[in-house]
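Summary of structural features
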Amino acid sequence: MSTWIWILIGAAVFFFVLAPLVIIPAAIYLILLVRTRKSKWRRKCSLPRDEEIREMFDIGMDWAARYAEQKRDVDVYSGKYHLFGEYFDFGFDKAAVIIAGRTESLLYSYYFAEPYRQAGYNVLVIDNRSHGKSDGRLNSLGYHEHRDILRWAQLLHDELGNRQVFFHGVCIGASNALFALTAADAPDYLQGMVSEGMFTTFYESLYYHIKEMKQPVQPALEEIRGYLRLFTGYDIKHDGPLFRIHKLKKPLLMLQSKQDKYSLPERAKVLYDKCRAPKRLVYFEKGAHSHIKINASEKYDKIIVDFLRELCENKSITDGIVGE
């Protein structure tokens, strides 16, 4: 055969075999779940060209500036990882931890803090492991990071004088919070959680991410699952909120958009049905994934404040689905 024929055969093998089987899945894994450089997922607006994200970021930054005198930098060690956060001390005896999703630093979490201040909670925003100023490279979607959340809660309770600690998790942050609350050594002072856009498993969520990228779902999905198992020990197909939510004992408020393309609204009902704790599921008509509040800010905050007041007044949380 001529040299050109071999070149064409080699190119065909690369584009039609190696790329789909090896290169594309590895690239997706690195893009989505690995901090490949220190500047990745740093403290900045993650998508400044997205109008909603930019507006959320700016509103959050204004909130932080308004309460700058109540803010102080805090840090903890969780195993070998040095983690960083900011604590807003409003003089209350309870605290909320805002746990952002993938790619976001603590700056993003400012946007979700106001209803907690209104309800009588101090606020801790954190750089998750491998985000912002915190150590780490690999994202395990709460499988390992939930130990960090328990460490932050310990700081709030043991050193900063908060009687109770509440979690607010967005997307992967919700998985992180749930893993912490269902851990065997979860302390009793953990009060409950709010979840926004909690997925059943990241395997399902990743399926929709890959489809949106217009890439072949398989074998990429299974290969990325393999990378996660190899590097973090986490099996995203057979572990996740779907497999842990039945262990939850503390109250849960689920916030879910009907327009969410990654954590599908009908799957939120599956999680709700499996949960045995006091629970409430509220559907919103509008909002992309993690963008509920920007489309219904007053309603979003009021639902959280009302839920927390019921909790703090020791009222029984009435199970129910709103806006289905």
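So, a few notes on the structure that sits alongside this text. (Residues numbered from 1 in each chain as written. Predicted model: local features only at pLDDT ≥ 70, side-chain atom pairs only at ≥ 80, totals over all residues. Heavy atoms only, no water.)

Re the nonpolar core
- In terms of nonpolar packing, the biggest core is built from 63 residues, with Phe88, Tyr116 and Leu255 touching the most fellow members.
- In contact with Phe88, not counting residues within four places along its chain, are Trp63, Ala64, Tyr67, Gln70, Lys71, Tyr110, Asn122, Val123 and Val125.
- Judged by nonpolar contacts, the second largest core, of 40 residues, contains Leu156, Leu160, Val165 and Phe167. (Core = buried A, V, L, I, M, F, W, Y, C linked by side-chain atoms within 4.5 Å. Buried < 20%, exposed > 50% of the residue type's maximum accessible area, 1.4 Å probe, protein only. Contact = heavy atoms within 4.5 Å.)

Brief notes about empty space enclosed by the protein
- Overall, the coordinates contain 2 cavities of 30 Å³ or more when judged by the stated rule.
- Put simply, the largest cavity is a space of about 60 Å³.
- For the largest cavity, the full set of lining residues is Ala100, Gly101, Arg102, Asn128, Arg129, His131, Asn139, Gly142, Glu145, Ile172, Gly173 and Asn176.
- Class assignment for the residues of the lining of the largest cavity results in 2 nonpolar, 7 polar and 3 charged. (1 Å grid on protein atoms, 1.4 Å probe; cavity = no way out; pocket = protein on both sides within 12 Å on 5 of 7 lines; lining within 4 Å. Points joined across faces, edges and corners; volume = space filled by probe spheres on them. Nonpolar A, V, L, I, M, F, W, Y, C, P; charged D, E, K, R; others polar.)

Observations regarding the environment of Arg225
- Following the sequence through the fold, Arg225 ends up in helix H8 (residues 217-232).
- For Arg225 and Ile236, which are 11 residues apart along the polypeptide, the C-alpha to C-alpha distance reads 6.3 Å.
- Setting aside anything within four residues of it in sequence, one finds Arg225 in contact with Tyr203, Tyr234, Asp235, Ile236, Lys237 and His238.
- Here Glu222 takes part through its side chain, which lies 3.0 Å from a polar atom of the side chain of Arg225. (Helix = DSSP H or I, 4+ residues; strand = E, 2+ residues; numbered from the N terminus. Polar contact = N/O pair within 3.5 Å; in protein donor to acceptor, adjacent residues only side chain to side chain.)

Overview of the side chain of Arg244
- Its place among the elements puts Arg244 in helix H9 (residues 241-244).
- Judged by relative accessible area, Arg244 falls into the buried class, the value being 17%.
- A polar contact of 2.7 Å, which involves the side chain of Arg244, links it to the side chain of Asp239.

Side note on unusual backbone geometry
- The residue after Gln218, namely Pro219, is reached through a cis peptide bond having omega 15 degrees.
- Here Pro219 is to be found in helix H8.
- Here the phi dihedral of Leu141 falls at roughly 65 degrees; this positive angle occurs in a residue that is not glycine.
- Mapped onto the secondary structure, Leu141 falls in the loop between strand S4 (122-126) and helix H5 (146-159).

Some thoughts on the sheet that holds S4
- Read across the open sheet, the 9 strands follow the order S1-S2-S4-S3-S5-S6-S7-S8-S9; overall the sheet is mixed. Looking at which strands have only one partner, the edges of the open sheet turn out to be strand S1 (71-78) and strand S9 (320-322). Averaged over all pairs of adjacent strands, the angle between their axes in this sheet comes to 20 degrees, without regard to strand direction.
- In the sheet, strand S7 (residues 252-257) pairs with strand S8 (residues 279-284) via 6 bridges, with the strands oriented parallel. Residue pairing across strands places Met254 opposite Leu281, the latter belonging to S8.
- Along the sheet, helix H6 (residues 172-181) contacts strand S3 (94-99), strand S5 (164-170) and strand S6 (190-196); its crossing angle with S6, the most-contacted strand, is approximately 155 degrees. (Pairing = 2+ DSSP bridges. Axes fitted to C-alpha atoms, helices over the stretch in contact; angles between N-to-C directions.)

Some thoughts on H5
- Taking 1.5 Å of rise per residue, the 14 residues of H5 would be expected to cover 20 Å, and the 19 Å separating its terminal C-alpha atoms lies within 8% of that figure.
- Listing the buried residues of H5 in full gives His146, Asp148, Ile149, Leu150, Trp152, Ala153, Leu155 and Leu156.
- Directly beyond the C-terminal end of H5, a positive phi value near 80 degrees is found at Gly161. (Expected span 1.5 Å × (residues − 1).)

Comments concerning the pairing of S6
- Within S6, 7 of the 7 residues are buried, leaving the element largely enclosed by the surrounding structure.
- Across 6 bridges, S5 lies against S6 in parallel orientation. Among the inter-strand pairings, His168 is bridged to a residue of S6, identified as Val194.
- In the classification by handedness, the crossover that spans S5, the intervening H6 and the parallel S6 is right-handed.
- By the bridge criterion, 4 bridges tie S6 to S7 in an arrangement that is parallel. If you follow Met193 over to S7, its bridge partner there is Leu252. (Right-handed = clockwise from strand over helix to strand, strands pointing away.)

Some details on helix H11 (residues 297-312)
- Helix length check: H11 (16 residues) gives 23 Å between terminal C-alpha atoms against 22 Å at 1.5 Å per residue, within 8%.
- Within H11, burial applies to Tyr300, Asp301, Ile303, Ile304, Val305, Phe307, Leu308, Glu310 and Leu311.
- Among the structural elements, helix H4 (114-118), S5, S6, S7 and S8 are those in contact with the buried residues of H11.
- The first or second residue beyond H11 is Asn314, which carries a positive phi of 60 degrees.

Topic: the packing of helix H7 (residues 202-212) against H8
- Where H7 meets H8, the axes come as close as 10 Å, and the angle between the chain directions of the two elements is 135 degrees. Judged on the interaxial angle alone, H8 and H7 are oblique. As for the relative orientation of H7 and H8, their crossing is right-handed in sense. Packed against H7, whose contacting residues are Tyr203, Leu206, Tyr207, Ile210 and Lys211, the element H8 presents Val217, Gln218, Ala220, Leu221, Glu222, Ile224 and Arg225 at the interface.
- Residues belonging to the contact of H7 with H8 are distributed by class as follows: 8 nonpolar, 1 polar and 3 charged. (Parallel < 35°, antiparallel > 145°, perpendicular 65-115°, else oblique. Left-handed = near helix turned anticlockwise from the far one by under 90°.)

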